[in-house]
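Topology and contacts: notes
What follows is the residue order along each chain.
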Amino acid sequence: MAAYTLDRFVADLDRITREETAPERITERVAPLLAELVRHPESIPARYLEAPARERGRYILHRAPRFNVTSVIWRPGDTAAAHNHETWGVIGVVENEIEETRYRVSEGGARAALEVTRTMRHKPGAVSCLVPGDEVHAMHNATGRDTVEIHVYGQDLVGLRRKTWTADGTEKPLVSSKYLNC
């Protein structure tokens, strides 16, 4: 049997996002497909699985009106502070591992209270689903090697109004950077 390919994954995403509108249903259906894709990294061009020297790698693999597929390469020690997405998302680990911490945010005055709801260490093949209301998380590559992930989101994060929080709960607008191959 042929390996599950990026092209087939994109076709399946297109079909699912035409059939479904509920974030929970979309992520439920996409998660096993992404798990299958990340088990076959050879179906993704190698240049999208490596980070530039001393930088985090972010590459757009497919951009469509109802979803985007990107690869993200976290360098050793890279972190992303607590942040939201304002859309559904599914993240799959291709290589190495990553720590994800989920939060419940209680807004209150100048600072929000960030309550840790769970911390997970995702290994290769693992998939994490984000839906509005349960999508505030932080990421950390605590290893000494690059971690490679595939991210799928219901909206393009570039230009999307989002938030990030410092450790003390101070909220800041999050400006999403551009992808390396746009």
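Placed above this text is the structure.
Right, let's walk through the structure included here.

Calculation criteria
- All residue numbers here refer to positions counted from 1 along the written sequence of the relevant chain.
- A pLDDT threshold of at least 70 governs which residues receive local features in this predicted model, and a stricter bar of 80 or more applies before side-chain atom pairs are shown or counted, although totals over entire chains, interfaces and linings include all residues.
- Heavy atoms from the whole structure form the basis of all side-chain values; hydrogens and water molecules are not counted.
- Put simply, DSSP marks the helices as runs of H or I at least four residues long and the strands as runs of E at least two long, and each gets a number from the N terminus on.
- The atom set for the radius of gyration is the C-alpha atoms, and the globule formula is 2.2 Å times the number of residues raised to the power 0.38.
- Under the scheme applied here, a residue whose accessible area is under 20% of the maximum for its type counts as buried, over 50% as exposed, and between as partly exposed, the area being computed with a 1.4 Å probe on protein chains only.
- Contacts are assigned to residue pairs that have any heavy atoms within 4.5 Å of one another.
- Areas reported here follow the Shrake-Rupley algorithm with a probe of radius 1.4 Å; residue values treat only the protein chains shown as occluding.
- We treat Lys and Arg as the positive residues and Asp and Glu as the negative residues; His and chain ends play no part in the count.
- In this description, the location of a charge corresponds to atom NZ of lysine, CZ of arginine, CG of aspartate or CD of glutamate.
- The rule for pairing is simple: two strands pair if DSSP sees at least two bridges between them.
- Think of a 1 Å grid over the protein atoms and nothing else: a 1.4 Å probe that fits but is trapped marks a cavity, an open set flanked by protein within 12 Å on at least five of seven lines marks a pocket, and residues with an atom within 4 Å of a point count as lining.
- Grid points are joined across faces, edges and corners, and a volume is the space filled by probe spheres set on the points.
- Classification convention: Asp, Glu, Lys, Arg as charged; Ala, Val, Leu, Ile, Met, Phe, Trp, Tyr, Cys, Pro as nonpolar; all other residues, Gly among them, as polar.
- For helices, the fitted line uses only the C-alpha atoms of the stretch in contact; every axis is such a line through C-alpha atoms, and the angle between N-to-C directions lies from 0 to 180 degrees.
- Working rule for helices: expected span equals 1.5 Å times residues minus one.

Some points on the overall build of the protein
Secondary structure summary: the protein contains two helices and eleven strands in total. By the compact-globule yardstick of 16 Å for 182 residues, the protein fits well, its C-alpha radius of gyration being 16 Å. Counting only C-alpha atoms and orienting by the principal axes, one finds that the protein spans roughly 55 × 40 × 30 Å. In the protein, which comprises 182 residues, the proportion classed as buried is 47%. Counting only contacts in the protein whose residues sit at least 6 apart along the sequence, the fraction spanning at least 24 positions is 71%. As presented, the protein carries roughly 9,100 Å² of accessible surface, and 51% of it is formed by carbon and sulfur atoms. In the protein, which carries 25 positive and 26 negative side-chain charges, the distance between the mean positions of the two groups comes to 3 Å.

Concerning the environment of P124
Tracing the backbone through its elements, the reader meets P124 in the loop between β6 (113-122) and β7 (127-130). In sequence terms P124 and Y103 are 21 residues apart; their C-alpha atoms lie 23 Å from each other. Apart from residues no more than four positions distant in its own chain, P124 is found in contact with V93, V94, E95 and N96.

Section: the pairing of strand β2 (residues 68-74)
With seven of seven residues buried, β2 is to be regarded as a mostly interior element. The sheet contact formed by strand β1 (residues 57-63) and β2 spans six bridges and is antiparallel. Residue pairing in the sheet places I60 in a bridge with T70 of β2. Here β2 runs beside strand β9 (residues 147-153); their pairing, made up of seven bridges, is antiparallel. Directly across from V72, in β9, lies its bridge partner E149.

Comments concerning empty space enclosed by the protein
Scanning the model with the defined rule gives one cavity of 30 Å³ or more in all. Volume-wise, the largest cavity comes out at about 40 Å³. I91, G92, V93, I98, E100, H122, A126, V127, S128, M139 and E149 together form the lining of the largest cavity. Ranked by residue count, the leading element in the lining of the largest cavity is strand β4 (residues 89-95), at three residues. Classifying every residue of the lining of the largest cavity by side-chain character gives six nonpolar, three polar and two charged.

Observations concerning the sheet that holds β1
One key point about sheets: their strands pair by backbone hydrogen bonds, in either a parallel or an antiparallel sense. Strands sit in the order β1-β2-β9-β4-β7 across an open sheet of five strands; the sheet is antiparallel. The sheet is open, and its two edges are formed by β1 and β7, each paired on a single side. Between one strand axis and the next, the sheet turns by 20° as a mean value, whatever way the strands run. Two strands pair when backbone bridges link them, and β4 and β9 are joined in this way by six bridges, in the antiparallel orientation. Residue pairing for β9: G89 is matched across the bridge by Y153. Its contacts with the sheet put helix α1 (residues 6-19) on β1, β2 and β9, and the angle it makes with β2 is roughly 130°. Running over the sheet, helix α2 (residues 23-38) touches β4, β7 and β9 and is turned about 15° from β4.

Structural notes on α1
Taking 1.5 Å as the rise per residue, α1 with 14 residues should run 20 Å; its terminal C-alpha atoms sit 20 Å apart, in good agreement. Those residues of α1 that are buried are in contact with α2, β1, β2 and β9.

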